[in-house]
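Descriptive structure summary
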Amino acid sequence: MDFPLLLGIFPQVLLDGIILGFMYALIALGYTMVYGVLEFINFAHSEIFIVGAFVGVEILMGLKSAGLLESLPWVLVLLLILVAGMAASGALAVLVERAAYRPLRHAPRLIPLISAIGVSFFLQDAIRLFESIWNNAFNLVYPTMDPLNRRFELTETIDVSVKSLVVIVAALLMLWALHVVVNRTRIGTAIRAVAEDQAAASLMGINVNRIISLTFLIGGGMGGAAGVLFGVQYGLINPYTGFIPGLKAFTAAVLGGIGNIPGAMMGGLVLGLLEAFAASYLSLLTGGAFGAEYKDIFAFAILILILIFRPKGLLGEIVRERA
Amino acid sequence: MRNLRVRYLVTVVAALALVLPVTSVADAQSKGTIKIATQSPLSGGQAALGEGIKLGAQLAIEKFKGNLEKAGYKVELVPYDDQAKPDVGVANAKNIIADKAIMAVIGHLNSGVAIPSSEVYKEVNLAMVSPANTNPTVTDRGYPNIYRVCGRDDVQGKVGAEFAQGLKAKSVYIVHDKTTYGQGVADFFKEDAEKKGIKVLGFEGTEEKSNFDPIITPIKAKNPDLIYFGGIYEQAAPFFKQAREKGVKAKFMGPDGMDSSDLTKIAGKTVVGMYYTSVAGPVSVYPDAKQFADEYKKKFGKNPEPFAAQAYDATAIALKALEAVTKGGKAPTRDAVTAAVRDVRYKGITGSVQFDAKGDPKTALYFVLQVASDDPQKWGDNKEVKRLTIAAPAAKK
């Protein structure tokens with residue numbers, strides 16, 4: 001076994017895993033926040049996530065054809081697509097809640113779940129239809145922004161690109177902002193109150209419907225930002241791209257303890273790291289017997305083990321336990 | 001799944017209603033309709049190539065249906081969307097054999113879809129003429145109703161490995177997509193590369209479509225001279241793009257699955273200069289295909305994708321067989337058409353085709369091409385680096 005090689009790539013794999021992990025964490029927040037207040041899984045969240053990526057790519061392509069992509073400072077462009085992606089995904093999440101979940105609020109738990117799966121299918125093909133009208137192509141490529149592709153070579157095998165730093169910084173900033181909003185503001189207090197007990201919260205003068213909409217707005221917005229970052233980092237999106245990252249982010253939310261915001265971040269990071277290490281190391285360690293294709297099996301096997309010993313997730317369902 | 005299929009069917013039918021011109025042949029003494037089906041991915045990541053197969057077949061039918069129409073038949077194209085998925089292909093195949101008017105199938109794009117689907121065609125001895133399926137198993141099963149107009153992966157892998165040796169590559173890292181086609185051709189490449197003394201540093205399969213970081217990191221550390229991707233451009237393009245952006249310096253290479261303008265649309269300048277082997281050269285290498293390319297462009301407003309010309313030829317062969325069968329006023333049967341395809345001698349736009357006992361063309365052309373430009377519009381300008389005419393290997397028993 002080639003130990004210098006195994007050690008040499010370690011930092012790079014760690015970095016890859018962290019980037020992927022933050023991506024999962026941002027998406028997982030949408031699942032976990034909705035679960036926190038409504039106790040149901042919003043399976044349409046993977047499409048809400050990819051809508052952010054589509055809004056980002058459309059703006060970038062618009063800027064490119066207007067010749068502005070090169071002349072505007074890249075930080076500004078990035079901020080613009082992030083904000084636009086967040087706004088679009090957030091608004092869509094609110095709309096989905098209003099149209100597909102609120103009428104079913106008092107129906108048995110399974111009913112909104114099925115509604116969510118239906119919305120997910122609907123959105124996938126709606127995006128496909130929308131993109132096909134003008135381009136007749138729904139595989140969209142993020143235009144390259146050269147400053148984002150700049151790399152810093154740390155050693156021969158390890159390097160960091162600007163866009164991976166952007167992903168990490170943006171994710172950290174947003175997670176911190178969310179933490180502040182949820183824990184230090186009146187709105188955050190209201191969200192937590194609704195999560196604990198809707199009836200009591202409404203007796204305290206909290207407009208429950210508004211808070212639920214707000215939760216969808218914030219969760220959807222985080223998902224939209226993740227979508228834009230996903231597009232910038234990996235470059236190629238189509239209407240079905242959201243499904244697998246969405247599923248994994250949902251897993252991350254469960255791993256961290258569904259309904260638990262710090263748990264979602266931690267679950268995302270753990271899953272991202274597991275996946276990156278499995279994909280990079282499996283074939284090296286087993287001499288090619290198990291390759292990168294086993295990364296998900298490996299990652300999910302570990303997840304099952306964790307959940308056997310900690311069935312409520314790494315950090316547990318904090319909100320529910322308090323209730 | 002059922003719902004999915006229904007959804008796609010509805011979308012496809014709706015799209016076709018828009019795309020297909022209504023062919024109304026006012027023929028009073030009509031003897032009925034002969035249908036030719038295409039099966040290729042019309043949606044999803046490989047739709048660019050699948051669409052080319054459908055349009056190539058459409059052009060051939062419009063061009064060659066004259067004799068059959070004179071004989072009193074209406075000729076129709078029925079395109080099916082196999083979504084590049086084996087289960088969808090098989091489900092479509094069952095619908096196809098249930099439609100008694102369908103006399104031949106042109107398809108598929110993916111060997112992994114063609115092989116199970118052709119098991120269904122075989123039940124009723126329905127002729128399948130493939131424009132693009134290169135996996136050896138497609139014809140090596142020896143089914144009488146399976147034909148292809150293109151070359152084979154066992155030869156293509158060897159051509160690739162020989163070329164890699166010519167590039168003075170000492171080491172190669174092989175990545176494949178785990179499909180029958182992709183892993184198949186990667187295996188053949190590996191086998192021949194090892195024989196030629198090229199060191200295989202890794203052989204990795206992945207279904208990943210967006211995030212290739214964890215696969216690229218070990219590749220970068222092992223620093224191969226060449227990376228070979230056995231698979232299709234929709235996966236290879238983001239892979240190569242991310243690899244180059246991460247600073248991998250190896251030369252890139254792949255099989256005919258790379259052959260689509262979408263490769264440069266996705267990967268841009270990162271794949272300029274990469275090599276790919278192909279069983280279907282760009283239209284420009286076939287002197288007889290120029291007219292086809294012009295007509296295609298005029299009619300559909302875009303350049304023909306690879307395999308469009310092969311689909312055109314495959315359809316023409318099916319129509320020739322139908323003409324032979326209906327000669328003398330006989331009604332065509334599937335058995336008769338299947339048998340007649342073997343006897344067709346046809347000089348098509350991609351060369352002369354004559355089938356051997358397995359259904360392979362007796363000799364096929366193999367190309368090595370190099371990507372010339374990062375502009376998808378200029379995909380047709382890709383340089384032909386090497387061209388070989390190789391006979392199909394005899395069936396292994």
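Residues numbered from 1 in each chain as written. Chains lettered and ligands numbered in written order. Predicted model: local features only at pLDDT ≥ 70, side-chain atom pairs only at ≥ 80, totals over all residues.

1. Things to note about the overall build of chain A
Across its full length, chain A holds 14 helices and 4 strands. Its C-alpha atoms give chain A principal-axis dimensions of roughly 65 × 55 × 35 Å. The buried share of chain A, reckoned over its 323 residues, is 50%. Long-range contacts, defined as pairs at least 24 residues apart, comprise 76% of the intrachain contacts of chain A with a sequence gap of at least 6. (Helix = DSSP H or I, 4+ residues; strand = E, 2+ residues; numbered from the N terminus. Buried ≥ 20, exposed ≤ 12 C-beta atoms within 10 Å, placed from the backbone. Contact = placed C-beta atoms within 7 Å.)

2. Describing the overall build of chain B
Along chain B, the regular secondary structure elements total 14 helices and 14 strands. By the compact-globule yardstick of 21 Å for 397 residues, chain B fits well, its C-alpha radius of gyration being 21 Å. Within the span of chain B, comprising 397 residues, buried residues form 57% of the whole. Counting contacts in chain B only where the partners sit at least 6 residues apart, residues at least 24 apart contribute 72% of the total. (Rg over C-alpha atoms; globule rule 2.2 N^0.38 Å.)

3. Description of the interface of chain B and chain A
Between chain B and chain A, the contact holds 26 residues from the first and 32 residues from the second. At the level of elements, β7 (199–205), α9 (213–222), α10 (233–245) and α11 (262–267) of chain B are the ones that each hand at least two residues to the side of chain B that touches chain A. Looking at which element gives the most residues to the side of chain B that touches chain A, the answer is α9 of chain B, with 7 residues. Looking at side-chain class alone, the side of chain B that touches chain A contains 7 nonpolar, 9 polar and 10 charged residues. (Nonpolar A, V, L, I, M, F, W, Y, C, P; charged D, E, K, R; others polar.)

4. Points about the confidence of the model for chain B
Residue and element names in this part refer to chain B. Counting all residues, the mean pLDDT for chain B is 89, and 92% of those residues have values of 70 or more. Predicted confidence is poor over residues 22–28, with pLDDT under 50, and the contacts of this stretch with residues over four places away or in other chains come to 4 contacts. Here the predicted complex carries an ipTM of 0.84, next to a pTM of 0.83. (pLDDT = per-residue confidence, 0-100.)

5. Focus on the packing of helix α11 (residues 243–256) of chain A against helix α12 (residues 261–285) of chain A
Residue and element names in this part refer to chain A. The contact between α11 and α12 brings their axes to 7 Å, and the two run at 120°. Classified by the interaxial angle, the pair formed by α11 and α12 is oblique. Once α11 is placed against α12, the crossing between them reads as right-handed. In this structure, α11 uses Lys-248, Ala-249, Thr-251, Ala-252, Ala-253, Leu-255 and Gly-256 to contact α12, whose residues at the interface are Gly-263, Ala-264, Met-266, Gly-267, Gly-268, Val-270 and Leu-271. Partitioning the contact of α11 with α12 into residue classes produces 8 nonpolar, 5 polar and 1 charged. (Axes fitted to C-alpha atoms, helices over the stretch in contact; angles between N-to-C directions. Parallel < 35°, antiparallel > 145°, perpendicular 65-115°, else oblique. Left-handed = near helix turned anticlockwise from the far one by under 90°.)

6. Details of the domain arrangement of chain B
Residues and elements named next belong to chain B. By the assigned domains, chain B splits into domain 1 (2–152 + 286–361) and domain 2 (154–278 + 365–391). The distance between the C-alpha centroids of domain 1 and domain 2 comes to 29 Å. Sorting the residues of the side of domain 1 that touches domain 2 by element identifies α2 (47–64) and α5 (111–123) as the ones contributing at least two each. Tallying contributions element by element places α5 first for the side of domain 1 that touches domain 2, with 3 residues. Here the residues of the side of domain 1 that touches domain 2 sort into 5 nonpolar, 10 polar and 2 charged. (Domains from an automatic or database assignment.)

7. Quick notes on unusual backbone geometry
Residue and element names in this part refer to chain B. The peptide bond linking Gly-107 to His-108 adopts the cis configuration, its omega dihedral lying at 0°. Within the element layout of this structure, His-108 appears in the loop between β3 (102–107) and α5. Backbone geometry places Gln-83, a non-glycine residue, at a positive phi of 55°. Turning to its location among the elements, Gln-83 is positioned in the loop between β2 (73–81) and α4 (86–98). The phi dihedral of Phe-307 falls on the positive side, at around 80°, and the residue is not glycine.

8. What to know about the environment of Asn-211 of chain B
If you trace the backbone, Asn-211 of chain B turns up in the loop between β7 and α9. When the 24 C-beta atoms within 10 Å are taken as the criterion, Asn-211 of chain B is described as buried. Asn-211 of chain B sits 27 residues away from Pro-238 of chain B along the chain, and the two C-alpha atoms are 8.4 Å apart. Not counting the four nearest positions on each side in its chain, Asn-211 of chain B is found in contact with Leu-20 and Tyr-234 of chain A.

9. Some details on the pairing of strand β1 (residues 32–40) of chain B
Residues and elements named next belong to chain B. The pairing of β1 with β2 spans 9 bridges and is parallel. Pairing of Ile-36 across the sheet is with Leu-77, part of β2. As paired strands, β1 and β3 are joined by 5 bridges and run parallel to one another. By the bridge assignment, Thr-38 is partnered in β3 with Ile-106. (Pairing = 2+ DSSP bridges.)

10. What to know about the sheet that holds strand β5 (residues 146–148) of chain B
Residues and elements named next belong to chain B. Across the sheet, 5 strands lie side by side as β2-β1-β3-β4-β5; this open sheet has parallel pairing. Strands with a single pairing partner mark the edges of an open sheet, and in this sheet they are β2 and β5. With strand direction ignored, the average angle separating the axes of adjacent strands in the sheet is 20°. Bridging between β3 and strand β4 (residues 127–130) involves 3 bridges; their strand directions are parallel. Along β4, the bridge assignment pairs Ile-106 with Val-129.

11. Describing the environment of Leu-123 of chain A
Residue and element names in this part refer to chain A. Of note, Leu-123 is situated in helix α5 (residues 110–134). A C-alpha to C-alpha distance of 8.4 Å links Leu-123 and Pro-239, two positions 116 residues apart in sequence. Contact partners of Leu-123, with chain neighbours within four places excluded, come to Ala-44 and Glu-47.

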